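Take a look at the letters that make up each chain.
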Amino acid sequence: MLVLQDIDTGYGAAQVLRGLSLSVNSGEIHCLMGRNGAGKTTTMKAITGLLPLWGGRITLDDVDIGSLPAHERARCGLGYIPQGRRLFTELTVAQNLEIGLMTRGSGRAVRERVLDLFPRLRERLTQRAQTLSGGEQQMLATARALCIEPKVLLLDEPTEGLQPSMIEAIRSVIVRLRTEGVAILLIEQHIDAVLSVADRVTFIENGQARETRDASDLSADHGIVERYLGV
């Protein structure tokens, strides 16, 4: 279980997150939604250690990870798939996966399991990442994160710019991970995509978590979504 308690952070002198709190349970898909600039990606960076905490606490399975450097948080089982993927584009598919495996000393069995989830990558192991299609690159970014056998998986706009078949492939893997007990925090702007997979949704506004609702509530009342996302 991932828990954020009253976290503050920002960039330079500019504070973005102000006392933000939320939790993500094991075996849950929790979606973070809000307008552009609300602090969604900043929240991900604070969780992963790419931004230092100014205040508050982050725990993973009751262990305080808020002061750990980013690589140590990954070793604790925190996987991150950033917006834009950020692959090592000059390296092959196999080499990108190897970097993920090295994080927690995962072996060949983990590599094979990940390739079973994304069989298309098995056919492209010797290709450089930059030669893959956008959807294949997203698959590789996801597969690399899964190589650390994450307890918690953070995904920032994983379906952005993908064709429907690729979106469905990514979505099916996310749903499977939930059944395996992984805690998933997802940033996604497409409300229909969210409602089809999410268990809970937290709306963030001006760096604060304003409201958390069951996804089923949003299906019944789209006015809640309009309140936080409408222009």
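Every chain is numbered independently, its residues counted from 1 as its sequence is written. Totals for whole chains, interfaces and linings use all residues, but because this is a predicted model, local features are given only for residues with pLDDT of at least 70 and pairs of side-chain atoms are given and counted only at 80 or more. Excluding hydrogens and water, the side-chain values take into account all heavy atoms of the structure.

Student: Please explain the pairing of strand E4 (residues 55-60) as it appears in this structure.
Tutor: DSSP calls a pair of strands paired once it identifies at least 2 bridges connecting them. Numbering goes from the N terminus for both helices and strands, where a helix is a DSSP run of H or I of at least four residues and a strand is a run of E of at least two. The pairing of strand E1 (residues 2-11) with E4 spans five bridges and is classified as antiparallel. Residue pairing for E4: Asp-8 is matched across the bridge by Gly-55. Pairing of E4 with strand E5 (residues 63-64) involves two bridges; the strand directions are antiparallel. When the sheet's bridge partners are listed, Leu-60 is paired in E5 with Val-63.

Student: Help me understand unusual backbone geometry in this model?
Tutor: For residues besides glycine, phi is generally negative; the peptide bonds are generally trans as well. Not every positive phi belongs to a glycine, and Asp-62 is a case in point at roughly 70°. Summarising the element assignment, Asp-62 is placed in the loop between E4 and E5. The backbone of Glu-157 shows a phi angle near 50°, a positive value even though the residue is not glycine.

Student: Could you clarify how one ought to interpret helix H6 (residues 134-146) in this entry?
Tutor: In an α-helix there are 3.6 residues to a turn, and that puts residues three or four apart on one side. What a helix is expected to span follows from its residue count: subtract one and scale by 1.5 Å. Here H6 contains 13 residues, and its C-alpha end-to-end distance of 18 Å stays within 8% of the 18 Å for a straight helix at 1.5 Å per residue. Buried means the residue's accessible area, taken with a 1.4 Å probe over protein chains only, is under 20% of the maximum for its type, while exposed means over 50%, and partly exposed covers the values in between. Buried residues dominate H6, accounting for twelve of its 13 residues. All of the buried residues along H6 are Gly-135, Glu-136, Gln-137, Gln-138, Met-139, Leu-140, Ala-141, Thr-142, Ala-143, Arg-144, Ala-145 and Leu-146. Note on contacts: a residue pair is in contact if any heavy atoms of the two residues lie within 4.5 Å. In the core, the buried residues of H6 are packed alongside strand E6 (78-81), helix H3 (93-103), helix H4 (108-117), helix H5 (119-122), strand E7 (152-156) and helix H7 (164-179).

Student: So what exactly am I meant to see when it comes to the confidence of the model for the chain here?
Tutor: If pLDDT is low for a region, its predicted coordinates should not be looked at in detail. One confidence number per residue, pLDDT, is output by the predictor and ranges from 0 to 100. Of all residues in the chain, 100% attain a pLDDT of 70 or more, and the chain-wide mean is 91. Model confidence for the chain, summarised as mean pLDDT per element, is weakest for helix H8 (residues 191-197) at 77 and strongest for E1 at 98.

Student: Can you help me understand the environment of Phe-118 in this one?
Tutor: The residue Phe-118 is located in the loop between H4 and H5 in this model. Residue classification places Phe-118 among the buried positions, given a relative accessible area of 2%. Taking C-alpha positions, Phe-118 is 9.1 Å from Ile-170, a pair spaced 52 residues apart along the chain.

Student: Can you walk me through the packing of H3 against H6 in this structure?
Tutor: Relative orientation and spacing of two packed helices are given, respectively, by the angle between their axes and the distance between those axes. An axis is simply a line fitted to the C-alpha atoms; with a helix, the fit covers only the stretch in contact. Between two such axes, the angle follows the N-to-C directions and lies from 0 to 180 degrees. Here H3 crosses H6 at 30°, and the two axes come no closer than 7 Å. The angle between the axes of H3 and H6 places the two elements in the roughly parallel class. Pair H3 / H6 crosses with right-handed handedness. Contacts from Val-93, Asn-96, Leu-97 and Gly-100 in H3 reach Leu-140, Ala-143 and Arg-144 in H6. Looking at the contact of H3 with H6 residue by residue, the class counts come to four nonpolar, two polar and one charged. Put simply, angles under 35 degrees are roughly parallel, angles over 145 are roughly antiparallel, angles from 65 to 115 are roughly perpendicular, and the rest are oblique. Two helices that cross are described as forming a left-handed crossing if the nearer one is turned anticlockwise from the farther one by less than a right angle, and a right-handed crossing if clockwise. Note on residue categories: nonpolar means Ala, Val, Leu, Ile, Met, Phe, Trp, Tyr, Cys or Pro, charged means Asp, Glu, Lys or Arg, and polar means any other residue, Gly included.

Student: Looking at this structure, I do not really get the sheet that holds E5. What am I missing?
Tutor: In space, the four strands of this open sheet follow the order E2-E1-E4-E5, with antiparallel pairing throughout. Among the strands making up the open sheet, the edge pair consists of strand E2 (14-24) and E5. Strand contacts of helix H1 (residues 40-48): E1, E2 and E4, with the helix running at about 110° to E1, the strand carrying the most contacts.

Student: Just checking my understanding: could you explain the pattern of salt bridges for this structure?
Tutor: Any two side chains of opposite charge can pair, on the condition that their charged atoms come close. Salt bridge, as used here, is a side-chain nitrogen of Lys or Arg placed within 4 Å of a carboxyl oxygen of Asp or Glu. Inspection of the entire model under this criterion finds 21 salt bridges. The residue Asp-64 makes a salt bridge to Arg-57 at a minimum N-O spacing of 3.2 Å. A relative accessible area of 37% places Arg-57 in the partly exposed class. A salt bridge links Glu-112 to Arg-122; the nearest nitrogen and oxygen atoms lie 2.9 Å apart. With Glu-112 in helix H4 and Arg-122 in helix H5, this residue pair connects regions lying ten residues apart in the sequence. Members of the salt-bridge network, linked through shared partners, are Arg-108, Arg-111, Glu-112, Asp-116 and Arg-122.

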